[in-house]
Structures are given as structure tokens and as C-alpha cells.
Amino acid sequence: MGATTGDPGEGLAVLDLHAYYGLSHVLQGVSLEVGVGETVALLGRNGAGKTTTMRAVMGLMPVRSGRVRLFGQDVTGRRPDQLQRSGVAFVPSGRRVFGSLTVLQNLELAARAGRRRSTRWTLDRVELLFPALPALRGRRAAFLSGGEQQMVKLACALLGEPRLLLLDEPTEGLAPTVVQEMGGWLAALRAEGLGMLLAEQNAVFALRLAQRCYVLEKGVIRAEQAADELLRSETGLRYLGVARNP
Amino acid sequence: MSWGVVAVALLTSLSTAASLFMVAAGLTLIFGAMRVINLAHGSLYMYGAFIAATIVGSATGDTFWYALALAPLAVVVLGTLLEVGLMRRVYRADHLVQLLATYGVLLILGDLALQFWGASPLSVSSPRVLSGSLAFQHFTFPAYELFLTGTGVLVGLALWFLLARTSLGWKVRASVEDAELLAVRGTNVKLLYTVVFAIGAFLAGLGGALITPLQGVDTGLGSSIIVAAFVVAVIGGLGSIAGAALGAGIIAVFQMAGALWLPAWEPTSLYVAMIVVLAIKPWGLLGVRDR
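Cut-offs used in this document
Residue positions within a chain follow its written sequence, with the count starting from 1. Both sets of labels track the order of writing: A upward for chains, 1 upward for ligands. The model is predicted, so local features are restricted to residues of pLDDT at least 70 and side-chain atom pairs to those at 80 or more, both for listing and for counting; the totals for chains, interfaces and linings are taken over all residues. The side-chain figures draw on all heavy atoms in the structure; neither hydrogens nor water molecules are used. Salt-bridge detection follows one rule: a side-chain nitrogen of Lys or Arg within 4 Å of a carboxyl oxygen of Asp or Glu. Here a strand is any run of E in DSSP of at least two residues, a helix any run of H or I of at least four, and the numbering for each starts at the N terminus. Buried means the residue's accessible area, taken with a 1.4 Å probe over protein chains only, is under 20% of the maximum for its type, while exposed means over 50%, and partly exposed covers the values in between. When DSSP finds two or more bridges between two strands, those strands count as paired. The convention used is that axes are lines fitted to C-alpha atoms, helices contributing only their stretch in contact, and that angles between N-to-C directions extend from 0 to 180 degrees. Centre distance within 6.5 Å is the pairing criterion for rings of Phe, Tyr and Trp, where only the six-membered ring of Trp is used; planes under 30 degrees apart are then read as stacked, over 60 as edge-to-face, and the remainder as tilted. Whether a charge sits over a ring depends on NZ of Lys or CZ of Arg being within 6 Å of the ring centre and within 35 degrees of the ring normal. Scored from 0 to 100, pLDDT reflects the predictor's confidence in each residue. The contact rule is simple, with two residues in contact once any of their heavy atoms fall within 4.5 Å. In this description, buried area is defined as the sum, over both parts, of the accessible area (probe of 1.4 Å) that is lost when the two are combined. Nitrogen and oxygen atoms within 3.5 Å of one another constitute a polar contact, given that in protein one can donate a hydrogen and the other can accept it, and given that sequence-neighbouring residues count only through two side-chain atoms.

1. Looking at the pattern of salt bridges
Working step 1: What the rule picks out here adds up to 17 salt bridges over all chains.
Working step 2: For A:R212, the salt bridge is made with A:E224, and the minimal N-O distance between the two is 2.8 Å. You can see A:R212 sitting in strand β9 (residues 212–217) and its partner A:E224 sitting in strand β10 (residues 220–226), a full 12 residues away along the chain.
Working step 3: On the basis of relative accessible area, A:R212 is assigned to the buried category, the value being 17%.
Working step 4: The salt bridge partner of B:R88 is B:E83, with a shortest N-O separation of 3.5 Å.
Working step 5: On the basis of relative accessible area, B:E83 is assigned to the buried category, the value being 0%.
Working step 6: Through salt bridges with shared partners, a single network forms among A:R55, A:R96, B:D178 and B:E180.

Rendered as C-alpha cells:
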């Protein structure tokens, strides 16, 4: 066993993770690392296991074998709320907000449920990052546009004081202008020193933000590469199903 | 038929509605958050009644208020044990498994009650201040039933406040929508479910304790209330507290009208009301289509 106090210099380390959906072996030994403050892309086709990897790390599905270490501590098998409190925020794909609650209730719930000791991300500061947010406070979250819901999702994640974000398909289903906005927000968070694991179908979007990337195929990591290297590699991009912009 | 008779019948049905509402609200709250129909919910109501009757019978003097305070808390303890020991294991199971498991609990709790309290009904007299009747212009009405109606209204308001204005209530509503999201935002959903179940048990226990001055307490109490409460919850829309209040009112008035004008049909009126409502609104009056 490692030291229980943990090494603050270590971020997320996933070691040989195996997981099943029923009988289907969806994660077949995934290993990856995200350093403190590092942005890492997790690429791969639909069904490669990107979402499953994040859900397994976050304690949302059972892990058959393998370890998850977070900031130097073994957190394998912990509950999602315990992981949240140790500093990791999972931002799931799609329109995942509490639609029957107002925006402010969504935000306050996230702040109260997930607050750790430090108060780096107060409501005021989050609203500084998303200037459109204050005007939406009283609105029911179900009636927000897609872009506004993404904003609320990110704001809720930040109010839990994370040191690491697990972002699952942040650009999925968004209009191109909103994708651009999302890129700006994530770049700002990267500049704040937040670590990020970014699962994306939109490889170019992810590679522009990330330092390193992993390519996942059928539940196994096939490749690990520097992001700018892959972004310049014709064959790599073709493999990911991305036609390079002319 | 004089207006006095109708007024008394209406007021009586309101007090019936109040106790039905408390039981149905717990049932519907638990279903809304955990998607489980707890057939043993009626047993919790029955234990509330038995424990209250036992406390009242254990000492002389006006012990009813102690019983009213303590019996629901005892039922909360019982409900919490039930949730931790059994319910949390079946939340993800098939509805059939849930029904079988909670039906088993209903049978076990029924037999245990028979062991402890025997087959002959216990009776409880109204607390002294509420033992009289209030005289209105054309009729008189028992004070206790007015108290019961008022308590039902207060419980309804308290539940509304809890769900609309407190962060516990927001969590409950959020868990209905997306429990997984709530968990990754830092809420211990397992604990939340225990709390929700305990609140439901409290409401059942309170309803049971409150009914004791009006009804003999025996082991048939649980199975009779669960049917009515289930009908009420379904009519109102499973998961909706306001729907439970509305459904309780409708069922109580329907039953009263049946008893008054078509006595032979009274036992059927419950189901007639349910059939009519579901034919028009399949998800209940205030229910929403299931995901």
C-alpha cells in the first residue's frame, strides 16, 4: 500500500482498469494519467469506452479489477460523492441539469452539497467567468438553451471546488458558436490551473486544448501522444475520423 | 336530507382525507425518489396506531399528546431499519421483486403485531381538550375531527415548505430527476434515500397515531389503508405531493357520497373514482409521464 497521506504532486492515475456491462468486457485494462493542472484528451470512436472510463473512475459503475489513484490516494471503489469531495468533478455529456429547479437552486445545491474547505470558487467568481449567468438565476433550468445549460453544468462543477475536471463530450450537440464559447471557457479554466480529462469525439477541439492525448479503442489504450504531434499527423487524424481543415 | 347532514358528512370526509393524505404523501414521496412501491407502508401506519394506543393505555391521564409525539418517532426507527436492512437492496431490482419483498414485510409486520397486541382491537379516547363537539348553526361536529383536518393541512404545508424551500427538498426533487448527477455533485444519495424513507415512515406513523381516537386499532388497519392510499397516490399522480392531497380529497368525498346516497356501492366507489380519473388522465391528475 502507498502512503495514505498522498502525494500532492500526483493527479489522477488509472491503473489497468477492467469493467463490464453485464457480460460485455467494456474496459479491458485502461491505464492513464492526468498530472496536476494538466489537460489530457481522451479520444476514440463512439463505443470505444471513453464515457465508461470516466464513469468507472467516478464510482458510477463497478470496477472488476485495477486501481484508481487520486492526488496520491487510492480511491478505487469510493462513492461518487466521496470522490467529488476529494476534488474531482465529473461533467457528464448532454443536458444534465436539474430541470425542475431554477438556475440559482442548481448552483446553490452544487455549492452546498459539494463544498470543501477552500472557497476558491464562490458564486460571485463563477458568475464572473460566465457573465451571462446572473440574468438566468430565476429561470427554470429546463427552459435554458443548450449553451446556457452547458454553462450551468460547468458552473455547478466549479462550485464543488474541484482540482480536476472529468469532461464527457462537452461539445456534443452544441451549435458551432457555442462550441467556440466552450473552448474559451475551458481555456480559462486551464489557465486557472485546473486539471482536465477531456473525452471528445471532436478530436480537433480536444487536441487544441490538451497537452497530451490518449486514444482508446475497444476498451484499451492504443496510443499516447503529445497533442500537437497528433494534430500534425495526417494518419492519426484520419484514424480518428477527422478530415483536416484545408 | 338536511344541509346539516351534508355539512357533517363533508367535514367528516375532510378528516378522512387528512389521514389518507398523510399516508399517501409518504407513499408517493418514496415512489417519486426511489421508484419503489412500498406495500409495507400501510404496516408502518398500523404500527403508528398500535404504538400510540399502547402509550395511551400504559398510563392514566392525558397521555394522548405523548403518544402523538412518540409513536411517529418509533415508526421512523422501524422505517429506517427497514430501509437499511431491505429496501436499499431492491431499489435497482425489478418492480415485481420490490412488490414481493415489501409484501413479505407486510405479512411479517402483521404477524408480529398479532403476537404483540393480540387480535382484539385497542381503543383510544380523544384527548380531553378535543373530546367535545363544536356546535354550529344547524349541526354539531366532533372537535377531534376538525383537529385532524387542521393537522392534515399543516402537514401538507410543511411538506410543501420542505420540498420548495429547503436544500433537502431540492435534493429530493433533484434525485427524482437525475440521482446520478446529484451524486457526482457531492450528495450521498444512499443517505438521502434513507432520509426520504424515514420522512415517509414519519408521515405514516403520524397518520396512524392520529387515527386512534376515531377507529379501533387492530391488525387489519395496515392492509385497508394501503389500498386506499395507493388509489389516492395513483389518482393524484405517483410522485406528486399536491396530487396526493387532491386525490385524498376526491376519494374521501367520493366515499362519503357513496355511503350517503348509494350505501350498497360504497366499497366500490374507491375503484370507480380511480377508473374515471385514469381513463381521462392516465398519469394521474398532477402526474407526469414516466421516463
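2. Describing the sheet that holds strand β7 (residues 164–168) of chain A
Residues and elements named next belong to chain A.
Working step 1: Within the open sheet, the 6 strands sit side by side as β6-β7-β8-β3-β9-β10. Their pairing is mixed. Of all strands in the sheet, those with a lone pairing partner are β6 (88–91) and β10, marking the two edges. Across the sheet, the mean angle from the axis of one strand to that of its neighbour is 15°, orientation sign disregarded.

3. Quick word on the packing of aromatic side chains
To describe a pair of aromatic rings, one takes the distance between the centres and the angle between the planes.
Working step 1: With the rule as written, the count across this model stands at 10 aromatic pairs over all chains.
Working step 2: Residues B:F64 and B:Y144 carry aromatic rings whose centres are separated by 5.9 Å and whose planes lie at 85° to one another, so their mutual orientation is edge-to-face. Pair noted here: B:F64 is in helix α3 (residues 64–90) and B:Y144 is in helix α5 (residues 143–165), with a separation of 80 residues, a long-range link. Note on accessibility: B:F64 and B:Y144 belong to one class, buried.
Working step 3: Plain terms: the ring middles of B:Y91 and B:Y193 are 5.4 Å apart, the flat faces sit at 80° to each other, and that makes the pair edge-to-face. A residue pair is termed long-range when its members are at least 10 positions apart, and B:Y91 in the loop between α3 and α4 (95–117) and B:Y193 in helix α7 (residues 189–211) qualify at 102 residues. Exposure class is identical for B:Y91 and B:Y193. Each is buried.
Working step 4: Over the ring of A:W121 we find A:R125; its NZ or CZ atom is 4.3 Å from the centre of that ring.

4. Quick notes on the confidence of the model for chain A
Residues and elements named next belong to chain A.
Working step 1: In this model, chain A carries a mean pLDDT of 90, and residues with pLDDT of at least 70 account for 93%.
Working step 2: Between the elements of chain A, mean pLDDT differs from a low of 79, seen in helix α9 (residues 234–239), to a high of 97, seen in β7.
Working step 3: Contacts from residues 1–6, a stretch scored under 50 in pLDDT, to residues over four places away or in other chains number 5 contacts.

5. A look at the interface of chain B and chain A
Working step 1: Chain B puts 17 residues into the contact, and the matching count from chain A is 26 residues.
Working step 2: The largest contributions to the chain B side of the interface with chain A come from B:W170, B:V184 and B:R185, which together make up 37% of the buried area.
Working step 3: Summed over the shared surface of chain B and chain A, the result is 3 salt bridges.
Working step 4: Residues A:R96 and B:E180 are paired through a salt bridge, measuring 3.3 Å at the closest nitrogen-oxygen approach.
Working step 5: Our count for the chain B to chain A interface comes out at 9 residue pairs in polar contact (both at pLDDT 80 or more).
Working step 6: Here the side of chain B that touches chain A takes 12 residues from helix α6 (residues 167–184) of chain B, the largest share from any one element.

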